[in-house]
Each structure stands twice: as structure tokens, then as C-alpha cells.
Amino acid sequence: MKRVILLIATNIAVMLVLSVSVRLLGLDRFITAGGLNLGMLLMFSAVLGFGGAFISLALSKTMAKWSTGARVITQPNGQTEAWLLATVRRLADRAGLAMPEVAVYEGEPNAFATGPSRSNSLVAVSTGLLSSMTEEEVEAVLAHEIAHIRNGDMVTLTLIQGVVNTFVFFLARVVGYLVDSWLKRDEENTSAGTGIGYFITVIVCEIAFGILASVVVMYFSRQREFRADAGAAELLGSTRPMANALRRLGGIEADGLPQGLAASGIAGGRGLLGLFATHPSLDERIARLEGRG
């Protein structure tokens, strides 16, 4: 319950910060007596779209720890944790990265990497993954996560999310304004204000455009998984460990991450026709890794 309250409070705080920002910048006055100010609307949309995405990125490590209950390893508690730290350090050195934080959390087999930058990142592994895989397979999973950090995938996906968010906000309000103007076309005294048609249309369009935007974001999410698999093979000098780890994932009940971290895990669910899936199928990933796809 504490984690849920923290997540809700954080989301409310983000929206308040963005609302105050657009008010102070005067970007919320994009509907004028002369019609729709597209330049002002685009700036308004960009503040909301990129602002939310970058605030989420900045808080990604903290939110990941809260939502999974991950415990950062500062002093290794046993041989397994000592091995985890040593393995991540070795892989990070090979990748030319600063040592990320390493954490363990209770849950089904999975792992994820997150953080606002290559030099400020977190790699977390579940107890389920540690107990169901061999050391070679766990090392491959860790290499996959290190490859995500080296590729800058967290920042790249944030930029893509910011762009699509901006267009969702922008287009929803343009359509809302046009619909509202059409509904008021027969009124004798048409003011610059908006009617109920505007607000209803904006809500409907944000939902519809948001769904379409998710298809775009999930496509890029799936592509980064292929790159991270290839990056793991490069760091380990062989495709075999990563392919074996993916095959192992296919035989166990994986996932179990909160929705906000689904795209960051080593395994993810399939969506409608694969369009909303954060990850390609394991068969696709293995085939691509082994040069058969």
C-alpha cells in the first residue's frame, strides 16, 4: 500500500509541476479571439509531452526501487550477491560504463535496467531469475541489461515518448477546436471561449491518439530488445549464453514487473497482434540472435 500511495503522489506532483509551468509561461492561452494560436499550442504540448517524459526519466531509479521493493547491494550478503556485483562490474568495464547500482528484488524471473543516464543507472535482478537460471544464463541477462545502458535506451525511449506525447496533446486540441467551432457555427455571438464539445473531443482524441502513439512507442521498444540481445552477445563474445537464457525464459513463468517497468524487463508480455507488446517473442529474439531472422 505504501508503494501505491508513493506512486500516486508522485504522479500528482508531476501533473501539478507541469500545470504550474504552463501557467507561468503563459502557454495555456493558445485559444485567442483570433482563433487557434498553433505556435503557442505546440509549445504547450511540448511542455506537457516532454516534461512528463523527462520527469519520469529523472525519477526512474527511485520509482523502480519503490515499485519492486528492490534492495540495492552495498555490502554483499552471501556469495550470490558478491558474484552479482563482480559480474556487473566486469561487464560494465567491458562496455566502458561507470558501475551501475545493483539491486535484488523478490519476484518472478525477470531483470531490468533503468536510470536517467549511462553514468547514473540501476540493474536489478529478481530472486526468481537467480534461482531458475545457471550463472552463465544470469550473466547473459546482466549483459543484456548493461547493453541497454550502453545503448542509451532509457533516454532514447524517453525522447520518443516525449515526441508522441507532444503530438497527442497537439492534435487532440486542434481537432477539439475544429469540432467545437463546427458545433457553434450557427451561433450569432461566437466567443473565443470553448464549449463542452471542445472538452469532450479533446478527451476522446487523447485516448484514441494515445492508443495509436503506444503502437509507435512499443515498436521502438521491441527494436531495442533485439539490439540489447546483440549487445549481450558482443560483451560475452558468443551468442550461445544469451540464446540459452532466452530459451530458459521460454520454459519458466517470467515477467511480474509493474506496468511502468514492463518495457525495461528482460521478458515482457505480448499485446494485441504484437502491436502493443513491449518485447518481441522469445522465438523471434533467438532467431535474430542466431542469424535466422
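Everything quoted here is computed from the prediction, not taken from an experiment.

Draft legend 1. Geometry of the overall build of the chain. Scanning the chain for helices and strands turns up 10 helices and six strands. Restricting the contact set of the chain to residue pairs at least 6 apart, pairs at least 24 apart contribute 69%. Surface accessibility of the chain: about 14,500 Å² in total, with carbon and sulfur atoms responsible for 61%.

Draft legend 2. Highlighting the UniProt feature "binding site: Zn(2+)" (unreviewed entry) in the chain. The positions that UniProt labels "binding site: Zn(2+)" (unreviewed entry) are, in the present scheme, His144, His148 and Glu225. A compact arrangement is adopted by the annotated residues: their sequence extent is 82 residues, whereas the largest C-alpha distance between any two is 8.5 Å. Topologically, His144 is positioned in helix H6 (residues 135-151). Note on His144: relative accessible area 0%, which makes it buried. Along the chain, Glu225 falls in helix H8 (residues 196-236). Under the relative-accessibility criterion, Glu225 is labelled buried at 0%. Within the structure, the side chain of Glu225 is placed 2.9 Å from the side chain of His144, a separation counted as a polar contact.

Draft legend 3. Structural context of the pattern of salt bridges. Evaluation of the coordinates by the stated rule reveals 13 salt bridges. Taking the shortest distance from any N to any O, the salt bridge between Arg248 and Glu137 comes out at 2.9 Å. With Arg248 in helix H9 (residues 240-250) and Glu137 in helix H6, this pair connects stretches of sequence that are 111 residues apart. Since its relative accessible area comes to 32%, Arg248 is described here as partly exposed. Here Asp229 and Arg285 are joined by a salt bridge, their closest N and O atoms 2.9 Å apart. Separated by 56 residues along the polypeptide, Asp229 in helix H8 and Arg285 in helix H10 (residues 282-289) bring together distant segments of the chain. Residues Asp229 and Arg285 agree in their burial class; the two are buried. In this structure, a network of salt bridges that share partners links the residues Arg224, Glu225, Asp229 and Arg285.

Draft legend 4. Seen up close, the pairing of strand E5 (residues 111-117). Most of E5 sits out of view: five of its seven residues are buried. As defined by bridge partners, E5 adjoins strand E6 (residues 120-126) across five bridges and the pair is classed as antiparallel. What sits directly across from Ala111, in E6, is Val125. What sits between the antiparallel neighbours E5 and E6 is a turn of two residues.

Draft legend 5. Inspection of the packing of aromatic side chains at higher detail. Going through the model one piece at a time under the given rule, you end up with five aromatic pairs. Consider the rings of Phe30 and Phe44, whose centres lie 5.0 Å apart with planes at 50°: the pair is tilted. In this pair, Phe30 sits in the loop between helix H1 (2-25) and strand E1 (31-32) while Phe44 sits in helix H2 (residues 38-58), placing the two residues 14 residues apart along the sequence. Look at Tyr198 and Phe199: their rings are 5.3 Å apart centre to centre, the planes differ by 85°, and that puts the pair in the edge-to-face class. Given the relative accessible area of 6%, Tyr198 is considered buried. One Lys or Arg, Arg288, reaches over the ring of Phe226 and ends 3.8 Å from the middle of that ring.

Draft legend 6. A look at the sheet that holds E5. The strand order across the open sheet formed by four strands is E3-E4-E6-E5, and the pairing between neighbours is mixed. Taken across any chain shown, the strands that pair with only one partner, and hence form the sheet edges, are strand E3 (71-72) and E5. By the bridge criterion, five bridges tie strand E4 (residues 101-105) to E6 in an arrangement that is parallel. By the bridge assignment, Val104 is partnered in E6 with Val125. Docked against the sheet, helix H3 (residues 60-68) engages E3, E4, E5 and E6, running at close to 150° with respect to E5. Of the strands in this sheet, E5 and E6 touch H6, which is tilted by about 155° from E6.

Draft legend 7. Fine view of the environment of Ala46. Among the structural elements, Ala46 can be located in helix H2. By relative accessible area, which is 26% here, Ala46 ends up partly exposed. In this structure the C-alpha to C-alpha distance between Ala46 and Phe167, which are 121 residues apart in sequence, comes to 8.2 Å. Sequence-distant contacts of Ala46, defined by excluding residues within four places in its chain, comprise Gly51 and Thr166.

Draft legend 8. The arrangement of the nonpolar core in detail. Ranked by internal contacts, the top residues of the largest apolar core, which has 36 residues, are Leu84, Leu91, Met133, Leu142, Ile146, Ile149 and Met242. Contributing elements (two or more residues each) for this core: helix H4 (79-95), E4, E5, E6, H6, H8, H9 and H10. Looking at this core element by element, the count peaks at seven residues for H6. Every residue in contact with Ile146, bar those within four places of it in the chain, is listed here: Val88, Leu91, Ala92, Ala95, Leu97, Pro100, Val123 and Leu235.

Rules of the game
Residues numbered from 1 in each chain as written. Predicted model: local features only at pLDDT ≥ 70, side-chain atom pairs only at ≥ 80, totals over all residues. Heavy atoms only, no water. Helix = DSSP H or I, 4+ residues; strand = E, 2+ residues; numbered from the N terminus. Contact = heavy atoms within 4.5 Å. Areas by Shrake-Rupley, 256 points an atom, 1.4 Å probe, with all protein chains shown as cover. UniProt positions renumbered as here; feature names shortened; annotations may be inferred. Buried < 20%, exposed > 50% of the residue type's maximum accessible area, 1.4 Å probe, protein only. Polar contact = N/O pair within 3.5 Å; in protein donor to acceptor, adjacent residues only side chain to side chain. Salt bridge = Lys/Arg side-chain N within 4 Å of Asp/Glu carboxyl O. Pairing = 2+ DSSP bridges. Phe/Tyr/Trp six-rings, centres within 6.5 Å; stacked < 30°, edge-to-face > 60°. Lys NZ or Arg CZ within 6 Å of the ring centre and 35° of its normal. Axes fitted to C-alpha atoms, helices over the stretch in contact; angles between N-to-C directions. Core = buried A, V, L, I, M, F, W, Y, C linked by side-chain atoms within 4.5 Å.

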